[in-house]
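# Structure assessment
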Amino acid sequence: MVKVERVRGTRDFLPAEMKKRREMERIMREVAIKWGYEEVQTPTFEHAELFTLKSGEEILKEMYEFVDKGGRHLALRPELTAPVIRMFVNELKMARKPLRFFYFGNCFRYEEPQRARYREFWQFGAEIIGADSPEAQAEIIALAHEILNALHIKGSIEIGHVGILRDFLAKLSEESGVSLNEDEKNRIMRLIDKGAKGQIEEFMRAKGFKEDAIADLFGMVSLRGEDALKEAREMLRSGDGENGENSRGTALDKLRELEAVAELLSEGYGTPFTLNLGIARGLDYYTGLVFEIYAEAEKLGAQRQICGGGSYRIAHLFGGEDTPSTGFAFGFDRLSEIFPFEAPSDLKVVVVPVLRKADAGLRRDLQIAALKTARILRSHFVTLTDVLGRNLSAQLAYADAIGASFAVIIGERELKEGRVTLRNLRTGEQESVSVEECVRKIKEQECSKEG
Ligand code: HAM
């Protein structure tokens, strides 16, 4: 017989894990809904081109692609931003903007599996469609922070701006007399995202950048903390004459945008963050502010990035109007590794018909009485009944094994009297009661236990 294993990079979730995941989901949904976001769901697979149009090389290398029986080139979604924007273009182009959506769904990336890096993983994300203003950006970051707070997870938020980085790169290209095509610019951005300094140097040298220019780029991406904006302004101005507003005007506007977001976050939302101009993100579609959140927990090892997001424009690629949008996605599985959670032990009641080798008619009557009793108990408690026709002691042993707190026993005598025997499985005490009393007594005993 062949033993069929789980596919590499995927996981099974046993009941304890599912309880935790459902609780996290509940908390995250609740926060998003309070902020006026509405849940949407898109298909698990899409036309591959949805992702090949703009997401970038990194995602393409990792994409699960296939041709279906109708010859369509499809992909399992590696992320949910492109699908949500496709949905918007298909279904909601005329809706009043901004639209605020959130989603929770599985994603697929053919990555090298390791702790907290899987081939099937879940994202919980939110998008504001139709706005990438400082207000929208600040709201998205504050929402992500609020979700983390609600989960009691500590994370540090790092905010950068790919527009500034791209403009600075353009300035350096100009000064070095180098021209870069889109792919080459994206490549440098991805290398910055990976922190692959050696490869950046190698690539820029090969393209003919001057050593100073390479050093300046490293200088810009290392700007972090309170003075980052001031220093970035100096670097953008240098070489541009007195006020630096000529060709770098737009980059300075972007710095002001970042400044505005910083102010809204600190003064308006009270959200802590660090500016970090080295944040470049691994996806190509970002146009403006970008941010990442890193878990403070050691447990995640190298996979500490629990959230990523920013402003982007992709609707025009899918046949819609150019629509500025802003969003984020949490790596749900990474959060679940560090979510502090103790599963509440649910109260379980087992209804036990005493099925001695009684005659068939009596056995049936006992079983029916047990099912009827269970129907009543179920509107109050988690209630189980026997499905293997086992005797009393085997049923009680099972009740014990599944951690049941009470057994409601129905034998021939109980059947005749229209009563049941309620046994507290923790104390072993038992008493004869009516079904209504049984409900009340279980509730009372549970309360006194908790109290
Ligand atoms: P992303 O940074 O590629 O962004 O993914 C978001 C988060 O998903 C990451 O921060 C990480 O926690 C988690 N993640 C990514 N890959 C894996 C993996 N293989 N295993 C476990 N967790 C993983 C996006 O996908 C963008 N769509 C986010 C966004 C929304 N930007 C704007 N709106």
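Structure first, text after, so check above.
Now for a description of the structure that goes with this document. Just so we're clear, the structure is a prediction, and the values are computed from it rather than from any experiment.

## A few points about the side chain of serine 311
Considering the arrangement of structural elements, one finds serine 311 in strand β10 (residues 305-312). Here the side chain of serine 311 touches threonine 326 through a polar contact of 3.4 Å, side chain to side chain. Those residues in contact with serine 311 that lie beyond four places of it in its chain are Asp132, Gln137, Tyr285, Tyr286, Thr287, Gly288, Leu289, Ser325 and Thr326.

## As for the nonpolar core
Of all hydrophobic cores here, the largest spans 110 residues; its most connected members are Met220, Phe291, Phe328 and Phe330. Counting residues per element, this core draws most heavily on helix α5 (residues 134-150), which supplies nine residues. If you look at the next biggest cluster of nonpolar residues, it comprises 21 residues, including Leu355, Leu362, Val433 and Val435.

## Focus: the side chain of asparagine 106
Take asparagine 106: it is sitting in strand β5 (residues 99-108). Judged by its relative accessible area of 16%, asparagine 106 is buried. A polar atom in the side chain of asparagine 106 sits 2.9 Å from the side chain of glutamate 120. Not counting the four nearest positions on each side in its chain, asparagine 106 is found in contact with Thr44, Arg77, Glu120, Phe121 and Trp122.

## Digging into a negative patch on the surface
On the surface, a cluster of negative charge is contributed by Glu226, Asp227, Glu231 and Glu234. When you line up the elements, glutamate 231 lands in helix α10 (residues 228-237). By relative accessible area, glutamate 231 is classed as partly exposed at 38%.

## Some points on the site of the ligand
Taken together, 26 residues lie near the ligand, and Glu79, Thr81, Glu111, Tyr286 and Gln305 sit nearest. One of the side-chain N or O atoms of glutamate 79 is found 2.5 Å from a nitrogen atom in the ligand. At a separation of 2.6 Å, a nitrogen atom of the ligand approaches a polar side-chain atom of tyrosine 286. Coverage of the ligand by the protein chains reaches 96% of its 660 Å² of free accessible surface. If you list the elements that add at least two residues to the shell around the ligand, you get β6 (120-129), β10 and β11 (325-331).

## Quick word on empty space enclosed by the protein
A probe as big as a water molecule, rolled over the atoms, marks out the empty space that is left. A complete count under the given rule lists one cavity of 30 Å³ or more for this structure. Here the largest cavity is characterised by a volume of approximately 50 Å³. Sorting the residues of the lining of the largest cavity by element identifies α6 (162-176) and α7 (182-194) as the ones contributing at least two each. Grouping the amino acids of the lining of the largest cavity by side-chain chemistry returns five nonpolar, one polar and four charged.

## Let's talk about the pattern of salt bridges
In the structure shown here, the tally under the stated rule is 34 salt bridges. Glutamate 39 is the partner of arginine 29 in a salt bridge, and the nearest nitrogen-oxygen pair spans 2.7 Å. One end of the pair, arginine 29, is in helix α1 (residues 15-34); the other, glutamate 39, is in strand β1 (residues 38-39), and ten residues separate them in sequence. Between glutamate 292 and arginine 281 there is a salt bridge, and its shortest N-O distance comes to 3.1 Å. One end of the pair, glutamate 292, is in strand β9 (residues 286-295); the other, arginine 281, is in the loop between β8 (274-275) and β9, and eleven residues separate them in sequence. Across the pair, exposure class does not vary: glutamate 292 and arginine 281 are buried alike. Put simply, Arg22, Glu25, Arg29 and Glu39 are held in one network by salt bridges that share partners.

## What to know about the packing of α6 against helix α9 (residues 211-221)
Between α6 and α9, whose axes approach to 10 Å, the crossing angle comes to 165°. If you check the angle between α6 and α9, you find them roughly antiparallel. Between α6 and α9 lies a crossing of right-handed hand. Two secondary-structure elements touch here, α6 through Ile164, Leu165, Phe168, Leu169, Leu172 and Ser176 and α9 through Ala213, Asp216, Leu217, Met220 and Val221.

The rules behind the values
- Residues numbered from 1 in each chain as written.
- Predicted model: local features only at pLDDT ≥ 70, side-chain atom pairs only at ≥ 80, totals over all residues.
- Heavy atoms only, no water.
- Helix = DSSP H or I, 4+ residues; strand = E, 2+ residues; numbered from the N terminus.
- Polar contact = N/O pair within 3.5 Å; in protein donor to acceptor, adjacent residues only side chain to side chain.
- Contact = heavy atoms within 4.5 Å.
- Core = buried A, V, L, I, M, F, W, Y, C linked by side-chain atoms within 4.5 Å.
- Buried < 20%, exposed > 50% of the residue type's maximum accessible area, 1.4 Å probe, protein only.
- Patch = residues over 30% accessible without salt bridge, like charges linked within 9 Å, V, L, I, M, F, W, Y side chains within 5 Å.
- Areas by Shrake-Rupley, 256 points an atom, 1.4 Å probe, with all protein chains shown as cover.
- Salt bridge = Lys/Arg side-chain N within 4 Å of Asp/Glu carboxyl O.
- Lys, Arg positive; Asp, Glu negative; His and termini not counted.
- Charge placed at Lys NZ, Arg CZ, Asp CG, Glu CD.
- Near = heavy atom within 4 Å.
- 1 Å grid on protein atoms, 1.4 Å probe; cavity = no way out; pocket = protein on both sides within 12 Å on 5 of 7 lines; lining within 4 Å.
- Points joined across faces, edges and corners; volume = space filled by probe spheres on them.
- Nonpolar A, V, L, I, M, F, W, Y, C, P; charged D, E, K, R; others polar.
- Axes fitted to C-alpha atoms, helices over the stretch in contact; angles between N-to-C directions.
- Parallel < 35°, antiparallel > 145°, perpendicular 65-115°, else oblique.
- Left-handed = near helix turned anticlockwise from the far one by under 90°.

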